[in-house]
Amino acid sequence: MALTTAARARAVLARAHGLSLNARQQQHSIAHLHRTPLMQLLACTRPAEQRGLATISQENNVAEQPDKRRDDSVEGILAGLVEGDRYALARAITLIESSNPKHRVQAQRLLSKILERESSLASQQSKSLASVTPSPQHGKASTPSVAGSGPVSEFKAESGSAQQRDLPVRLGKSYRIGLSGPPGVGKSTFIESFGMYLLSKGHRVSVLAVDPSSARTGGSILGDKTRMTELSRSTMAYVRPSPSRGTLGGVARNTTEAITLCEAAGYDICLVETVGVGQSETMVADIVDMFVLLVPPAGGDELQGMKKGIMELSDLVIVNKSDGALVDSARYAQIEYTSALKFVKAVSEHWKPKVIRVSSMGGPEGGIEQAWNTMKEYFDIMESAGELQKKRGNQRKIWMWRQVSSELLDRLNEDEQVRKMAHELEAKVLQNEVMSGAAAHQIVERFMKGMSSS
């Protein structure tokens, strides 16, 4: 009877253990030993003294290891965020993206606690700024020590004393940069190179990559992370792909809350990568401090750049893939877009949009460093003019009403009476017995009556 390699190995182990077997006994014993884990047999071949020492050592190791169980309560997740724990950040983003009612309650509690903490830190910062105000007699001030100030930004205001410029511009806040562009322009590759460059400068980088969801199945590939292998492995970076779930505008419904969580975890640069968008998907501009548009070489003429929509909201236009045989095409595209932007009204009176060329594969010398310097220039100007705080305030109002619309739609879908009526009206609309607008009005009226009666 032919024996397999594993069976022979087990027979050798059996002989080494002191068994003397004939052919029949060997086959019977092998059948029995085949059901015994091989590592257990290997352990049995060691001397008893060694086996005893190993057992004692293993017991000691188990006793000495601390309890590493994760605390998934709101307080535990918040404590992890403050410590910069990436697991806590991932768990927190999962909570805000969940459609489970219990998870929504937990997410709102978590966000409320983060807001309270930020308010407390902002109050400390206000007192610290007051303590460094130059006195009329001496014109000098001492620099305070702010507890829990988080990452210190390198962007300084242009006015005020030297001590004031050395303080964090926004305590516990990050700089939010939105990156958008058509499919295949190289957004993920650019973020990989750009993020690694930022890490080399001492920053902590978070990337929120929004992946399109299927209109038929609702699923998403979430494959943007595969193009950011180096960035994903770094402990100073966090890459989170999220599905759009049918949300139009290139971003997900809870991207704003995800940004808040990344800031609470200590990431001072937050990059938001949208899905591949066209001219009308501009929602990302309402959640970031700076909106960067990536365009391919030979992506259109001057008229294409003058079209309204995503171009007129851009603070910086980057002609990507400016390398190899595409250098001339990228240079021509830069000239065309620069000319086109002259006819587009700038978003802010303090900043005129610029167009630069970048090779994501070329490293800092390929334009990555120039892109970062241009962004720093933008933040310096907008910060000194007080535009960033004003912009964030307006964005919060915009997203409040968008969340109201989403919440009302969710509650409408959860109402059983409304769903029953909606199915009946859908059949009538399908048969062209009722106009779509009239059916929608009836559904809303029924929902409002139910709300008033309850």
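In the block above lies the structure referred to throughout.
Residues numbered from 1 in each chain as written. Predicted model: local features only at pLDDT ≥ 70, side-chain atom pairs only at ≥ 80, totals over all residues. Heavy atoms only, no water.

Summarise the overall build of the protein chain; cite the residues concerned and give the values.
Regarding its fold elements, the protein chain presents 17 helices and 7 strands. A burial count over the protein chain gives 41% of its 454 residues as buried. Sequence-distant contacts, at least 24 apart, represent 73% of the contacts inside the protein chain between residues at least 6 apart. Accessible area for the protein chain stands at about 25,200 Å²; split by element, carbon and sulfur atoms hold 54% of it. (Helix = DSSP H or I, 4+ residues; strand = E, 2+ residues; numbered from the N terminus. Buried < 20%, exposed > 50% of the residue type's maximum accessible area, 1.4 Å probe, protein only. Contact = heavy atoms within 4.5 Å. Areas by Shrake-Rupley, 256 points an atom, 1.4 Å probe, with all protein chains shown as cover.)

Please provide a residue-by-residue account of helix α15 (residues 387-414), values included.
Across its 28 residues, α15 extends 41 Å between first and last C-alpha, which sits within 8% of the 40 Å expected from 1.5 Å per residue. Restricting attention to buried positions, one finds in α15 the residues L388, K391, R392, G393, Q395, W399, D410 and L412. (Expected span 1.5 Å × (residues − 1).)

Give a description of the side chain of E97 that names residues and reports values.
With respect to the helices, strands and loops of the structure, E97 is situated in helix α6 (residues 86-97). One polar contact links E97 to S242, side chain to side chain, over a distance of 2.6 Å. (Polar contact = N/O pair within 3.5 Å; in protein donor to acceptor, adjacent residues only side chain to side chain.)

Please provide a residue-by-residue account of the nonpolar core, values included.
With 42 residues, the main nonpolar core has L81, L89, L110 and L261 as its most contacted residues. Every residue in contact with L110, bar those within four places of it in the chain, is listed here: V74, I77, L78, L81, A92 and L261. One finds L198, V205, V239 and I318 within the second-largest nonpolar core, a separate group that totals 34 residues. (Core = buried A, V, L, I, M, F, W, Y, C linked by side-chain atoms within 4.5 Å.)

Can you explain the packing of helix α14 (residues 368-384) against α15? Please cite residues and give values.
Axes are the key here: two packed helices are described by the angle between their axes and the distance separating the axes. At their nearest, the axes of α14 and α15 sit 5 Å apart, and the two run at 85° to each other. Overall, the two elements α14 and α15 adopt an arrangement that is roughly perpendicular. Within the contact between the two elements, α14 uses Y378, F379, M382 and E383 and α15 uses E387, L388 and K391. (Axes fitted to C-alpha atoms, helices over the stretch in contact; angles between N-to-C directions. Parallel < 35°, antiparallel > 145°, perpendicular 65-115°, else oblique.)

With reference to specific residues and values, describe the packing of helix α9 (residues 187-200) against α14.
Packing of α9 against α14 leaves a shortest axis separation of 10 Å and a crossing angle of 70°. With respect to α14, the axis of α9 lies roughly perpendicular. Counted together, F190, S193, F194, Y197 and L198 of α9 and I368, E369, W372 and M375 of α14 form the full contact between these two elements. Class assignment for the residues of the contact of α9 with α14 results in 7 nonpolar, 1 polar and 1 charged. (Nonpolar A, V, L, I, M, F, W, Y, C, P; charged D, E, K, R; others polar.)

Mind laying out the packing of aromatic side chains, listing which residues take part and the relevant values?
Scanning the entire structure with this criterion turns up 6 aromatic pairs. With a centroid separation of 5.5 Å and an interplanar angle of 70°, the aromatic rings of Y378 and F379 are classed as edge-to-face. Y378 sits in the buried class, given a relative accessible area of 1%. Using a relative accessible area of 0% as the deciding quantity, one classes F379 as buried. A network of ring pairs unites the aromatic residues Y175, W351, Y378 and F379 as a single cluster. Lying over the aromatic face of Y267, R204 brings its terminal NZ or CZ to 4.2 Å of the ring centre. (Phe/Tyr/Trp six-rings, centres within 6.5 Å; stacked < 30°, edge-to-face > 60°. Lys NZ or Arg CZ within 6 Å of the ring centre and 35° of its normal.)

Can you tell me about the side chain of T256, naming the residues and giving the values?
With respect to the helices and strands, the residue T256 is situated in helix α11 (residues 255-264). Accessibility expressed as a relative area gives 19% for T256, which makes it buried. With residues up to four places along the chain from it excluded, the contact list for T256 reads I287 and W399.

Lay out the sheet that holds strand β4 (residues 269-273) with the relevant residues and their values.
Strand order in the open sheet formed by 7 strands is β3-β2-β4-β1-β5-β6-β7, with parallel pairing between adjacent strands. Edge positions in the sheet fall to β3 (237-243) and β7 (354-357), since each of these pairs with one other strand and no more. Recorded for the sheet is a direction-independent mean angle of 20° between the axes of neighbouring strands. Pairing geometry for strand β2 (residues 205-211) and β3, over 7 bridges, is parallel. (Pairing = 2+ DSSP bridges.)

Run through the pattern of salt bridges, naming residues and quoting values.
Under the defined criterion, the tally for this structure stands at 11 salt bridges. The salt bridge partner of R240 is E97, with a shortest N-O separation of 3.2 Å. Of this pair, R240 sits in strand β3 while E97 sits in helix α6, and the two are 143 residues apart along the sequence. Its salt-bridge partner being R411, residue E407 comes within 3.6 Å of it at the nearest N-O pair. Taken together, the positions of E407 and R411, both in helix α15 and 4 residues apart, correspond to about one turn of that helix. Residue R411 is classed as partly exposed on the basis of its relative accessible area, which comes to 45%. (Salt bridge = Lys/Arg side-chain N within 4 Å of Asp/Glu carboxyl O.)

Now, about a nonpolar patch on the surface: what can you tell me, with residues and values included?
Residues M400, W401, V404 and L408 make up a contiguous nonpolar surface patch of roughly 400 Å² in combined accessible area. Mapped onto the fold, M400 is located in helix α15. (Patch = residues over 30% accessible without salt bridge, like charges linked within 9 Å, V, L, I, M, F, W, Y side chains within 5 Å.)

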